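# Structure at a glance
Residues per chain, in single letters:
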Amino acid sequence: MPRGVFRAALAIVAALACNDGLQPTPAPTTCPKGGFVGICGTVTLRGAVPRNTSAVYIIAYKVFPQSRNDLFNFQPPLQSLNQLPLDRQSEFYAVTLPSGRYEWVLAAWVDKAFTLAGADTTLQVAGFYRDGADTTAAGSSIVVVSDSGTDSIDFVIDFGAMQRVCTYFPPCP
Amino acid sequence: MPLTRVVARSLVALAFLPLRGQAQTPGAVYGTVSDTAGAPVADVHISTAGAAAASDAAGHYRMTGIPPGRAVLRFARLGYRVRQDTLAVPAGDSVRLDVTLRSSRFALEPVIVTAAKRSQLLDQSATSVALVSDSDLARRAVSTVDEAVDKAPGVLFLNGQVNIRGSSGFVEGLGSRVLLLVDGVPANEADRGGIDWDMLPLQDVQRVEVVKGAGSSLYGSAAFGGVVNLLTRDVPVGFHGRVRTTAGAYADPPDAAWRFRDYVGGLGGLDATGSYGTEVIRGSLTLGGRHSDGYREQDRSDQWEGAGKLAWHPAPGTRVTASGSWTSHQYQVSPPWCERGQCDDRGLAFQPFRIGTSDTGAYTRSDKGYAATTVERTESAEFAWQARASWVRTHFTDFNPDNWGVANRYGTELRGTLRPGGDSDRALTIGLEAARADVTSDIFGGHAENEVSAYGEGERRVGSVRLSAGARVDEIGLVGGGLAGQLSPRVGVVWPTRSGTWRGSIGHGFRTPSLAERFPSLVASGIRVVPDSTLVPETAWAFELGNAVSLGSATRLDAAAFWTEARQLIEPTFFDSAGVPYIQFRNVGRARLRGFDLSLVGRPFTPRLETSLAYTFLDARDLGTDSVLAFRPKHLLTLAADYAFRPFSVGGDFRYVSRIERIELGLSWADDPRVPAAVLDLRGAWSRDAWSARLLVTNALNYIYSLTPGTLEPVRTASVVLTWTY
């Protein structure tokens, strides 16, 4: 290897090595800056977390589901879901969503024994977002996601008052 | 010296004097072969009348059975001047002879066996080949095969999945687009199509050949993006032994907020190899084991391994080889790292060294091995043939969740090589292969697949240009179903000129979907993964143009531009049916992978200093979505330098991997903590007689990074490797 190349290689090593790698990142308390598109907020947890809890996810529907067939037409995609921490009384969350208008933002509770056939009992609504002016029972507060992130989508998750899927699509068995 | 001691010694000497007329006991010669820089030289053929031996990786040799008296020893190795020494060999005793070999005036090309399925010089290959020699393996003191392959130019591991020029990306180890061979025997898993890198103890590997680009014209399915061939050690004549022990420790996380244990994590291992050989029959056996506490939470592993090789030379030009290995690996499964709220996160967005509390207890036992028998015969200078039969078996048992699977691959091959005129101007390789793969698993069900193949490739020299052309036909199908054909042609050209040796090739590659991709039946995160019996093989056309040139007497440059067009790529896809979500492997992708790689090896200041630089630029596009192809970093740079002075040497590697631009699968990567990788490995060694000691510090800067979502690459690890060779 020519000497010049050798010296250049040493310089490259020095330059590339000046990189800190991963660093401890404090949990966010506001919507991430720069490039983030989605919703952020704080959920307040009430009641005891059921022992059979698999996970709680925050999801959003562009159009309020009209039937059970629409239940899985939510955002973010399944593979991008993040579990919500459940060991605190309140928790900040940030969920990446495509920009646009959303009719329903909610927390979906999933049973450890979740099956599609038993979705009525193994999949429940643990809470949803509504603003002060919203008087609907199911909550239909419109959330508009812009290219800079939409903050303060705060709501309550009440494990003592979760609603089964059939509540929205009766009859309940 | 006191008189009594002189008398005693004389009496002892008299007692051992040979009696007149009694046959004299043969003697032995041992020693070390090194180069002018003091570095050990392996594979030197040492011969004298009636005896022969070869030096090992530490340069040590021992030759027994030498008639006493004056003996002429000849030391020969490609790339070095032949040396002859005369010495007196005592009867029934041994004498030491250390020699230094000088490089030959013209560096000779290494011989490779993978690119054309026959022996050829490296500069006669129409495709790019990267080599990892036994001296590379010894110098870097690595412990596993994947560590040995990882630093080869153009090769990158993503959480255990090998990529050659970005071939595989990352699909959780499923469906490798690189074919693993052990002495030419296909060794990919029969069920998942992945690679078990721990199938063979590294102690038994003599060198590794990495063929880049589509190689299906000779190797069929899985050689979509390249071939890695592990070539095991030849068994030398005489008694030989090697014991290698490793002990080391993992560094703590660099930040106290990431600490996850209150003790120093350790690792250690012991491997022992013994062999005995005559001119007719030779055998070796390797046994070993290793333990690691891991460098993150729930990362302990224990491994036991064994390998053996038996070679029989019943007649000149004929060799029968039986070889095999078995590895049992028990390891804790380290799931994706803990994100906010899944563990004691200490107020951080993610804890890369910890796992979620709901994931504790996952544990896997993975057993794997192979057995192969090969008969090779050289009928004449013009014709040679070989036949082989092989069996590869993998067996895994997952605990929490409980899953299991057993898979087998039985293979056989008959190959002939014709060299009209007995020279290297013309060569023809033809062969037939047949294989059967089966799986029995609670995840993948019970299925079996057959494949039958025929291939041929010819090469001819026209003037100074070497032209090659060949093709392979594969008929593959499920047992009980029909066979589907694949035709994989390849043409190549090699043209030596004043400006270096040019090479070019166009070849076809394909990969049949693995049984695991076709027949999965499991639930992942509440979503059912469903089978797709309509999957068809993914295919690719690969083009390459390269040049290898010597720059002065001590530097060699190899550069190649490559372009691969891939179709029907098999990828996991999310879809919903009647509102119900599913995951299924589907033929969805079209991709283009193009770029260039460059390798520069030389000794810039002194023969004692060897340096190398390897760089790969990759432009990988998903043509279906017109976006960057996932898990393909654009830049891959490897720098290495080693300085040797008599018994000492020091050196290091630096590897840079640019930030991965796009990821798939498990997109829940909190705060998207993607960073480039910049890893420095340092090493030092001392070698004397039968002993060598090596100090290795990998990831010396304790650089914390991740290449796939939720996984953590190894932290700084310091280890000492002691080797004794007989």
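Note on numbering: residues in each chain are counted from 1, in written sequence order. A letter from A marks each chain and a number from 1 marks each ligand, given out in the order of writing. Totals for whole chains, interfaces and linings use all residues, but because this is a predicted model, local features are given only for residues with pLDDT of at least 70 and pairs of side-chain atoms are given and counted only at 80 or more.

## Considering the overall build of chain A
Runs of H or I in DSSP of at least four residues are treated as helices and runs of E of at least two as strands, each being numbered from the N terminus. Counting secondary structure elements, chain A contains two helices and nine strands. Burial is judged by counting other C-beta atoms within 10 Å of a residue's own C-beta: 20 or more means buried, 12 or fewer means exposed, and anything between counts as partly exposed, with every C-beta placed from the backbone. Here chain A, with 173 residues, has 28% of them falling under the buried criterion. Taking the contacts inside chain A whose residues are at least 6 apart along the sequence as the reference set, 76% of them involve residues at least 24 apart. Any residue pair is listed as a contact if its two C-beta atoms, each placed from the backbone, are within 7 Å.

## Quick look at the overall build of chain B
Of regular secondary structure, chain B possesses five helices and 44 strands. Relative to the compact-globule value of 27 Å for 726 residues, chain B shows a C-alpha radius of gyration of 27 Å, a close match. Sorting the 726 residues of chain B into buried and exposed places 46% on the buried side. Looking at chain B alone, contacts between residues at least 24 apart form 61% of all its contacts between residues at least 6 apart. Two things to know: the radius of gyration comes from C-alpha atoms, and the globule rule equals 2.2 Å times the number of residues to the power 0.38.

## Let's talk about the sheet that holds strand β6 (residues 83-89) of chain B
All names here are of chain B. DSSP bridges decide pairing: two strands pair if at least two such bridges lie between them. Strands sit in the order β3-β2-β5-β6 across an open sheet of four strands; the sheet is antiparallel. What marks the edges here is a single partner per strand, and that holds for β3 (51-54) and β6. Mean inter-strand twist for the sheet, computed between neighbouring axes without regard to direction, equals 20°. Note on method: axes are straight lines fitted to C-alpha atoms, helices fitted across the in-contact stretch only, with angles between N-to-C directions ranging 0 to 180 degrees.

## Thoughts on the sheet that holds strand β14 (residues 179-182) of chain B
Paired through backbone hydrogen bonds, the strands of a sheet run either parallel or antiparallel to each other. Residue and element names in this part refer to chain B. Ordered by their spatial adjacency, five strands build an open sheet running β11-β16-β17-β14-β15, and the pairing between neighbours is mixed. Of all the strands in the sheet, the pair left with one neighbour each is β11 (129-132) and β15 (185-186). Both β14 and β15 contribute to a ladder of two bridges, which runs antiparallel. Residue pairing in the sheet places V182 in a bridge with V185 of β15.

## Re the nonpolar core
Generally speaking, soluble globular proteins have nonpolar side chains that are buried together. The nonpolar core is taken to be a set of buried Ala, Val, Leu, Ile, Met, Phe, Trp, Tyr and Cys residues joined by way of C-beta atoms within 7 Å. Core analysis: the biggest nonpolar cluster contains 125 residues, and A148(B), V149(B), V210(B) and V228(B) have the highest contact counts within it. Not counting residues within four places of it along the chain, the set of residues in contact with A148(B) comprises V132(B), L137(B), V142(B), L202(B), V205(B) and V208(B). Counting 34 residues, the second largest nonpolar core, distinct from the first, contains W104(A), A107(A), A126(A) and V145(A).

## Notes on the pairing of strand β12 (residues 155-158) of chain B
Note on strand geometry: in a regular strand, side chains alternate between the two faces of the sheet. Residue and element names in this part refer to chain B. In terms of strand pairing, β12 meets strand β13 (residues 161-164) through four bridges, oriented antiparallel. Across the sheet, the residue bridging to F157 is V162, located in β13. Between β12 and β13, which pair antiparallel and follow one another directly, the connecting turn spans two residues, one of which, N159, has a positive phi of 50°.

## Brief notes about the domain arrangement of chain B
Residue and element names in this part refer to chain B. An automatic or database domain assignment is the source of the domain bounds shown. Taken domain by domain, chain B comprises domain 1 (26-101), domain 2 (111-227) and domain 3 (228-353 + 411-725). Facing the 15 residues of domain 1 at the interface are 16 residues of domain 3. For the side of domain 1 that touches domain 3, the secondary structure elements donating two or more residues are β3 and β4 (60-66). Ranked by the residues each element gives to the side of domain 1 that touches domain 3, the list is headed by β4, at four residues. All residues other than Ala, Val, Leu, Ile, Met, Phe, Trp, Tyr, Cys, Pro, Asp, Glu, Lys and Arg, Gly among them, are scored as polar; the first ten of these are nonpolar and the last four charged. Of the residues belonging to the side of domain 1 that touches domain 3, the class tally is eight nonpolar, five polar and two charged.

## With respect to the pairing of strand β27 (residues 403-418) of chain B
Residues and elements named next belong to chain B. Looking at chain direction, strand β26 (residues 383-399) and β27 are connected through 16 bridges and run antiparallel. If you follow W391 over to β27, its bridge partner there is Y410. With antiparallel pairing between neighbouring strands as the criterion, β26 and β27 make up a hairpin whose turn holds three residues, including N400 at a positive phi of roughly 55°. Judged from the 14 bridges that link them, β27 and strand β28 (residues 426-441) form a sheet pairing that is antiparallel. What sits directly across from V406, in β28, is T440.

## Topic: the environment of D93(B)
Residue and element names in this part refer to chain B. Relative to the helices and strands, D93 is located in the loop between β6 and β7 (94-96). C-beta crowding within 10 Å serves as the criterion here: with 12 such atoms nearby, D93 is assigned to the exposed category. Placed 523 residues apart in sequence, D93 and T616 show a C-alpha to C-alpha distance of 54 Å.

## A word on unusual backbone geometry
The amide bond that connects Q75(A) to the next residue, P76(A), takes the cis arrangement and shows omega of -5°. Of note, P76(A) is situated in the loop between β2 (53-61) and β3 (90-96). We note that R165(B) has phi near 50°; this positive angle belongs to a residue other than glycine. Mapped onto the secondary structure, R165(B) falls in the loop between β13 and β14.

## Observations concerning the environment of R662(B)
Residues and elements named next belong to chain B. Secondary-structure assignment places R662 in the loop between β41 (648-657) and β42 (677-688). On the neighbour-count criterion, R662 (15 C-beta atoms within 10 Å) is partly exposed. Note: C-alpha distance between R662 and F444 (218 residues apart in sequence) is 29 Å. Excluding residues that lie within four positions of it along the chain, R662 makes contacts with S627, V628 and A630.

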